[in-house]
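So you can see what is in the structure, the chains are spelled out below.
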Amino acid sequence: MLRCIYRNHILIGLPWLFIFLGFLYIYRGPSISPLYGSDTNIIETKSEPLNGPLNKGVCSDNGSWRVGDLKMQTGRTDVNSVTNWNAPLVWEGTFDPVVIDAIYKKMDPRVAVVLFAVGKYTRFLKGFLESAEKYFLVGFRVTYYIFTDNKGDVPTIKLGKGRKISVVTIPSVNRWQEVVLGRMKWATITIDKQIRNEADYLYMMDIDSVFHNDFGAESLSPLSAVLHRGYYKNTRRDQFPYERRPKSMAYIPTDEGDYYYTAAVWGGYLEDMYRLVKYCYTQSEEDAKNDIEAVWQEESHLNKYLLYNKPTKVLSPEYLWSDYDKIPADIKVVRISQLVKNYEEVRPNGGH
Amino acid sequence: MIHLINVKSLTAVLVILGVLFLYSFLSYRTSHQQNITAENRLSADVVAVGNEFHLVAPEHLQYEQPSIVQGSRIDVVAVTPWLAPIVWEGTFNPVLLDSIYKPKNITIIATVFAVGKYIMFLKRFLETAEQHFFVGFKVHIYVFTDRPNEVPPVTMASGRRVNRTRKQPKRSNTLTEFATGLFPEANSDKKRLHFFLQLIVRLVPTAKRWQEISARRMELIQMVIEEQLPNNRNYIFCLDVDSQFHGRWGSESLGGLVAVTHPGYYRDPRSKFPYERRPSSRAYLAPGEGDFYYCGGAFGGLLQEVHHLAKTCRHNFEADAQEGIEAAWQEESHLNRYMWINKPSKVLSPEYLWQDFKPRNPEVHIVRFSGVVKNYADIRPNA
């Protein structure tokens, strides 16, 4: 009789003990650190992401970075490394990729790349994607949004961890100029409906290019623009190929202008890019109503926007070169380059 | 009896399973929430802080075409390895920057500490600030002092009168506020210098050691900012009172987190920087670490950024104090550790905090803000 009582007591007591221990574990267990961290975390701030703008942040344990003694008097002297509104001009030699990657990886942003591969341009997909996997924001979460009229032409590529492809089907067009203007329209619609929920940064890139060297987190900023390789040296502002007809919405007078930017690579915060893409779209539509097409289509509208809405980072022509052009001495590294192509072969209306 | 045991053991097993299920469900939910929060927080941050970095320039502004291949300054580095601009004379166009920032309708807050005999520097500080510090912007200067009656009546260069109103203290704790306003009158012969410069005086207790005054700065800065938050897009600069302005200090200095390189060390290798070198301190920086040596006498940025800086440095300082250790240069050491981990988004050259007793170096084309020559024995409570 005594034995039974003891066994019963244990059988009753044990589950209550487990419940009690279980509750203890649940409440003491994983602690979610609030935005500014609990008091114990303040001591070692490097383990915390900063609640601040995304273009500066916390450096993780800096073990590998011992780049000699940092002096304030070394660096590229053959080129300018800041614009006159104090935004950095990014050249090889002006930044340390290890430090910058550490800062941005801590925030782990999601990056979207918008690519248009319409008609025969799908042949460039393989080269672009394979080289991007080797050189473009390696180690970051990247989604390639491929806009195409032929889903079947999208090749299967081996992608790194955290990277994926998303195909968006759009209708075919007859003129290459329409393809170019269609970019803005489809990009606006898709960013609004889909991409803004899936990305923090957005890049617009031309598909007919290949990466040759690291194109990394140094390019990230609220609004990054790339200098056009043809006009960065000694071109006077009245020689920039801005739209010069006052009838167009992209008109820029000859005594204004900082730089001439290319529309083949641009990027930034999602909302800032959305604003810019939408601007290019609505301005081109407005021009079309007035029976005029800007001299370089969305590139003209882009340049007008960037004149009055200054980019927060300007990337050197290293960030978009062309296989057609010889490489001058101040371009130490070509990170991405446009391919030589037979226009008659690839454009829907052949050549011009 | 056997029957009873079976039922009881069955219930026991069920209860244990129930607990385990509850635990795993709750922990999955919390970790899932963490992910959602992290991602939402990231997206929300991108949208919320976008405005500071939207740099809108007016149409038809005339200025010289900027060059890409010709650096305006080739004798100095104009950008850090993490691509923060280093601001030197010649690297920026002041007219362009002012035209970008003025329409944003921001207020620049400045804090100065004039405790004990340091009150004697306040007059020249305020007079020169009126001439050079963010001219054309709204500026609020908070003066922390234990001698509010000695806050000088400042006569403006153009002979304008100063209106001072003194309110009775509303609450009887250590921080009592007297509101003093400077209202520049319209002046016909000279252009109006300040749109609106307001002086706010705050009472602080007298300290016996100068190191204590130094230590309390972070706490008081944190409190001033907390009064202004939340959702405030203004900027704050924390400046030393024993200095004067000699040149423009304006919108080129605005950024998320802004630090000034110390004039005494910007040419030296990092091994010579006077970082705190004892591992037991929370301001410790190991040999081989550190970008620049930054001043504790001038730093600033967006309110939220400086708030985080002040809160962290204060906490670390107090934690050190509890263990009986005081960093080599008090809060300046803690600031340097903070800036090593949390890279500043803009670095100001030593033009932004020079020292009068130093001869001018060739790369310093203009001195904007400089510490005056002083006799420490005369002014420090404990020398």
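Residues numbered from 1 in each chain as written. Chains lettered and ligands numbered in written order. Predicted model: local features only at pLDDT ≥ 70, side-chain atom pairs only at ≥ 80, totals over all residues. Heavy atoms only, no water.

Looking at the sheet that holds strand β8 (residues 243–245) of chain B
All names here are of chain B.
So, point 1. Ordered by their spatial adjacency, three strands build an open sheet running β8-β13-β12, and the pairing between neighbours is mixed. Strands at the two margins of the open sheet, each flanked by one partner only, are β8 and β12 (354–355).
So, point 2. With two bridges joining them, β12 and strand β13 (residues 369–371) adopt parallel strand pairing. Considered in β13, the bridge of Gln 355 is made with Gly 371. (Pairing = 2+ DSSP bridges. Helix = DSSP H or I, 4+ residues; strand = E, 2+ residues; numbered from the N terminus.)

Some words on the UniProt feature "active site" (unreviewed entry) in chain B
So, point 1. Sites flagged by UniProt as "active site" (unreviewed entry) map to Glu 332 of chain B.
So, point 2. In contact with Glu 332 of chain B, other than residues within four places in its own chain, are His 262, Tyr 293, Tyr 294, Cys 295, Gly 296 and Gly 297 of chain B. (UniProt positions renumbered as here; feature names shortened; annotations may be inferred. Contact = heavy atoms within 4.5 Å.)

Digging into the UniProt feature "active site" (unreviewed entry) in chain A
All names here are of chain A.
So, point 1. What UniProt calls "active site" (unreviewed entry) maps, in this numbering, to Glu 299.
So, point 2. Looking at the element boundaries, Glu 299 is found in helix α7 (residues 298–308).
So, point 3. The exposure class assigned to Glu 299 is buried, which follows from its relative accessible area of 11%.
So, point 4. Setting aside residues no more than four positions away along its own chain, Glu 299 makes contact with His 228, Tyr 260, Tyr 261, Thr 262 and Ala 263.
So, point 5. Engagement of the side chain of Glu 299 in a polar contact is seen with the backbone nitrogen of Ala 263, the distance being 3.0 Å. (Buried < 20%, exposed > 50% of the residue type's maximum accessible area, 1.4 Å probe, protein only. Polar contact = N/O pair within 3.5 Å; in protein donor to acceptor, adjacent residues only side chain to side chain.)

Section: the UniProt feature "binding site: UDP-N-acetyl-alpha-D-galactosamine" (unreviewed entry) in chain A
Residue and element names in this part refer to chain A.
So, point 1. Cross-referencing UniProt, the feature "binding site: UDP-N-acetyl-alpha-D-galactosamine" (unreviewed entry) maps to Phe 116, Ala 117, Val 118, Tyr 121, Asp 206, Ile 207 and Asp 208 in the present numbering. Taken together, the annotated residues stretch across 93 residues yet fold into one region, lying no more than 11.4 Å apart by C-alpha.
So, point 2. Considering the arrangement of structural elements, one finds Ala 117 in strand β2 (residues 110–117).
So, point 3. Sequence-distant contacts of Ala 117, defined by excluding residues within four places in its chain, comprise Thr 122, Leu 125, Ile 146, Phe 147, Thr 148, Asp 149 and Ile 207.
So, point 4. If sequence neighbours within four positions are ignored, Asp 208 has contacts with Tyr 121, Phe 124, Ser 337, Gln 338, Leu 339 and Lys 341.

Details of the nonpolar core
So, point 1. Ranked by internal contacts, the top residues of the largest apolar core, which has 91 residues, are Trp 85 of chain A together with Ile 108, Phe 133, Ile 141, Leu 239 and Trp 249 of chain B.
So, point 2. Top element by residues in this core is helix α6 (residues 270–289) of chain A. It accounts for six residues.
So, point 3. Of all hydrophobic cores here, the second largest spans 83 residues; its members include Phe 95, Val 111, Ala 264 and Leu 320 of chain A. (Core = buried A, V, L, I, M, F, W, Y, C linked by side-chain atoms within 4.5 Å.)

With respect to the packing of aromatic side chains
So, point 1. Here the structure, examined in full by the defined rule, presents 41 aromatic pairs over all chains.
So, point 2. Consider the rings of Phe 240 of chain A and Tyr 242 of chain A, whose centres lie 5.5 Å apart with planes at 75°: the pair is edge-to-face.
So, point 3. For Phe 240 of chain A, a relative accessible area of 4% translates into the label buried.
So, point 4. For Tyr 242 of chain A, a relative accessible area of 5% corresponds to the buried category.
So, point 5. Seen from their ring centres, Trp 249 of chain B and Tyr 352 of chain B are 5.1 Å apart, and the 85° between their planes marks the pair as edge-to-face. (Phe/Tyr/Trp six-rings, centres within 6.5 Å; stacked < 30°, edge-to-face > 60°.)

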